[in-house]
Amino acid sequence: MNKPRSTWLTAAGAALAGLAGLLLPVLGPAGEAEAAATGIHVAQGRVYEANGNEFVMRGVNHAHTWYPEQTGAIADIAATGANTVRVVLSSGDRWTKTSASEVSSLIAQCKTSKVICVLEVHDTTGYGEDGAAASLDKAVDYWIGVKSALQGQEDYVVVNIGNEPFGNSGYTAWTNATKNAIGRLRGAGIGHALMVDAPNWGQDWSHTMRDNAASVFAADPHRNTIFSIHMYGVYDTAAEVQSYLGHFVNSGLPLVVGEFGDQHSDGNPDENAIMATAQSLRIGYLGWSWSGNGSGVEYLDMVNGFDADSLTTWGNRLVHGAHGIAATSKRATVYGGSGGGDGGGGTGGTAPNGYPYCTAGSASDPDGDGWGWENSRSCVVRGSAADR
């Protein structure tokens, strides 16, 4: 049976997408200082592990909720060198509900395979345009219901509240809906790093997420929210890719490319620019998807029939190509990896001002000015005000 495709853009959205690239509003500051680190966390607009090592996601999406029998997929993805797997779950509103025990099993698989788990509820896809989609409120209900499986896993798990939570209708509600979702999760005691997807089927051609990201980040009492853009046909030129990703970096706001492909029915995304720009800006990326795509987007499969030994052209590009997973991924230090905020350069290195980077990240910088102290000399925290 054909499975739902992850992302598409309506004709109306495509018409507006060209105009979106011309809009250059300026974001305000990211908000107050981040809360004390607990597990994976945000600091100075970057993602860090609990020990202060910067973590740059390099990984793959896996459609678990449609293929729960594919229990070897996470290990197979890890074998490519990926340090992160984004796992599709269901709240039960559209597909079979992923139980708390199943969530625990998936987290265990991630830990055994030494990858960070980004867990996402897929039922919210296209809310406001797709009548079958669930609201972010429904997704929050789900997360609260499986809280027992998440507790104590803050070092290993990022909670991606809802996949592509608005389509191309009603997307102006994204800001308040996202703030409310974050508030409810924090109120329920879920302290994990949260990930929030953009509206417009994840592609944010309206720049709703971009223009409101600072206020959403500030609304999180933990200051521990990561933004996720999905890059398909809207991002068919290097200029569009660089403008969008660069805007978040320049604004000191944490961003990952939560999904992208090498082609799509809504246009031809520039995967080379996406990967190269993400690498140069130390932004994470997660390719869509390992296997099992249907509804006309089968070309997004990275392997044929969940066979790890049968990479497709897209899979080979993502894993072995320039700026790909094999060349740039670094295992999380919680699993004994060497870390490295440059997505492939290892720990340390030299900042543009000539000082070494702090290998312990912000953990070396108690006063938060971007300057740390290691090995009896000053060091620079990556992504800080001193990293110039």
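What counts and how
- Residues numbered from 1 in each chain as written.
- Predicted model: local features only at pLDDT ≥ 70, side-chain atom pairs only at ≥ 80, totals over all residues.
- Heavy atoms only, no water.
- Helix = DSSP H or I, 4+ residues; strand = E, 2+ residues; numbered from the N terminus.
- Buried < 20%, exposed > 50% of the residue type's maximum accessible area, 1.4 Å probe, protein only.
- Contact = heavy atoms within 4.5 Å.
- Phe/Tyr/Trp six-rings, centres within 6.5 Å; stacked < 30°, edge-to-face > 60°.
- Lys NZ or Arg CZ within 6 Å of the ring centre and 35° of its normal.
- Salt bridge = Lys/Arg side-chain N within 4 Å of Asp/Glu carboxyl O.
- Core = buried A, V, L, I, M, F, W, Y, C linked by side-chain atoms within 4.5 Å.
- Polar contact = N/O pair within 3.5 Å; in protein donor to acceptor, adjacent residues only side chain to side chain.
- Expected span 1.5 Å × (residues − 1).
- Pairing = 2+ DSSP bridges.
- Axes fitted to C-alpha atoms, helices over the stretch in contact; angles between N-to-C directions.
- Right-handed = clockwise from strand over helix to strand, strands pointing away.
- Parallel < 35°, antiparallel > 145°, perpendicular 65-115°, else oblique.
- Left-handed = near helix turned anticlockwise from the far one by under 90°.
- Nonpolar A, V, L, I, M, F, W, Y, C, P; charged D, E, K, R; others polar.

Participant: Sorry if this is basic, but what is going on with the overall build of the protein here?
Facilitator: Looking only at helices and strands, one finds eleven helices and twelve strands in the protein. Counting the 388 residues in the protein, one finds 59% classified as buried. Residue pairs in contact within the protein that sit at least 24 positions apart in sequence constitute 72% of those at least 6 positions apart.

Participant: I tried to follow the packing of aromatic side chains on my own but got confused; where do I start?
Facilitator: Remark: the centre distance and the inter-plane angle together describe each pair of aromatic rings, the angle taken between the planes. Under the counting rule described, the total for this entry stands at eleven aromatic pairs. Taken together, a centroid distance of 5.4 Å and an interplanar angle of 80° make the contact between Phe260 and Trp314 edge-to-face. Note that Phe260 is positioned in strand S9 (residues 255-260) and Trp314 in helix H10 (residues 313-320), a separation of 54 residues in sequence. Each residue in the set Phe227, Tyr235, Tyr244 and Phe248 is aromatic and connected to the rest through ring pairs, giving one cluster. Across from the ring centre of Tyr156, 4.4 Å away, lies the NZ or CZ of Lys111, which sits over that ring.

Participant: Even after reading the chapter, I still don't get the pattern of salt bridges, so can you show me in this structure?
Facilitator: Side chains that differ in charge, positive against negative, can pair when their charged atoms come close. The final tally for this structure, using the stated rule, is nine salt bridges. One salt bridge connects Asp197 with Arg86, and the closest N-O pair in it is separated by 3.2 Å. Here the residue Asp197 occupies a position in strand S7 (residues 194-197), and Arg86 occupies one in strand S4 (residues 84-89), the gap between them amounting to 111 residues. Of the two residues, Asp197 and Arg86, both sit in the buried class. Asp141 serves as the salt-bridge partner of Arg184, at 2.6 Å between the closest nitrogen and oxygen. Taken together, the residues Arg184 in helix H6 (residues 174-187) and Asp141 in helix H4 (residues 136-145) connect sequence positions 43 residues apart.

Participant: Please clarify how the environment of Val140 should be interpreted in this entry.
Facilitator: Mapped onto the fold, Val140 is located in helix H4. Taking C-alpha positions, Val140 is 9.2 Å from Val121, a pair spaced 19 residues apart along the chain. When near neighbours in sequence (up to four residues on either side) are disregarded, Val140 contacts Ile161, Ala181, Arg184 and Leu185.

Participant: It is not clear to me how the nonpolar core should be interpreted in this structure. Could you clarify?
Facilitator: Generally speaking, soluble globular proteins have nonpolar side chains that are buried together. Judged by nonpolar contacts, the single largest core of 95 residues is most densely connected at Leu119, Trp143, Ile161, Phe227, Ile229 and Met231. Residue contacts for Ile161: discarding those within four places in its chain leaves Val121, Leu136, Ala139, Val140, Trp143, Ala181, Ile182, Leu185, Leu194, Met195 and Val196. Formed by five residues, the second largest nonpolar core is a distinct cluster that contains Ala43, Tyr48, Cys379 and Val381.

Participant: Would you take a moment to explain the side chain of Arg46 for this structure?
Facilitator: Positionally, Arg46 belongs in strand S2 (residues 46-48). Within the local environment of Arg46, its side chain forms a polar contact with the backbone oxygen of Arg282, the two atoms lying 3.1 Å apart.

Participant: How should helix H8 (residues 238-250) be read in this particular structure?
Facilitator: Because each turn of an α-helix spans 3.6 residues, side chains separated by three or four positions in sequence point in the same direction. Over its 13 residues, H8 runs 17 Å from end to end, which matches the ideal 18 Å to within 8%, given 1.5 Å per residue. Tucked inside the fold, the buried residues of H8 contact helix H7 (208-219), strand S8 (225-231), S9 and helix H9 (271-281). The first or second residue beyond H8 is Gly252, which carries a positive phi of 70°.

Participant: Quick question: what am I supposed to make of the sheet that holds S4 here?
Facilitator: Taken in spatial order, the eight strands close into a barrel running S3-S4-S5-S6-S7-S8-S9-S10, and their pairing is parallel. Each strand of the sheet is rotated relative to its neighbour by a mean of 25°, with strand direction disregarded. Two elements, strand S5 (residues 116-121) and strand S6 (residues 157-160), share four bridges in a ladder whose sense is parallel. Looking at the pairing, Glu120 lines up with Asn160 of S6. With respect to the sheet, H4 is in contact with S4, S5 and S6, its orientation differing from that of S5 by roughly 130°. In this fold H8 packs onto S8 and S9, with an angle of close to 180° to the strand it touches most, S8.

Participant: Hey, could you run me through the pairing of S9 in this one?
Facilitator: Sheet faces and side chains relate simply in a regular strand, where the side chains alternate between the two faces. Counting buried positions along S9 yields six of six residues, so the element is predominantly enclosed. Viewed along the sheet, the connection from S8 through H8 into S9 turns out right-handed. Alignment of S9 against strand S10 (residues 284-287), held across two bridges, turns out to be parallel. Bridge pairing in S10 places Val257 opposite Tyr285. Where the polypeptide runs from S9 across H9 and back to S10, its parallel neighbour, the crossover connection is right-handed.

Participant: In this structure, what is going on with the packing of H6 against H7? I would like to understand it.
Facilitator: The angle between the axes and the distance between the axes are what describe a pair of packed helices. At their nearest, the axes of H6 and H7 sit 10 Å apart, and the two run at 25° to each other. Comparing their axes, H7 and H6 come out roughly parallel. Remark: the crossing between H6 and H7 carries right-handed chirality. On the side of H6, the interface is formed by Trp174, Thr175, Thr178, Lys179 and Ile182, while H7 contributes Thr208, Met209, Asn212, Ser215, Val216 and Ala219. Partitioned by chemical class, the residues of the contact of H6 with H7 number five nonpolar, five polar and one charged.

Participant: Please explain unusual backbone geometry as it appears in this structure.
Facilitator: Backbone phi values are negative for most residues with the exception of glycine, while trans is the configuration of most peptide bonds. With an omega dihedral of -20°, the bond running from Trp288 to Ser289 counts as a cis peptide bond. The residue Arg282 is not glycine, and still its phi comes out positive at about 60°. With respect to the secondary-structure elements, Arg282 resides in the loop between H9 and S10. Among the residues examined, Arg282 registers a relative accessible area of 13% and is labelled buried. Positioned with a positive phi, His323 is a non-glycine residue whose angle comes to about 60°. By the element assignment, His323 lies in the loop between H10 and helix H11 (325-328). On the accessibility criterion, His323 (33% relative accessible area) is partly exposed.

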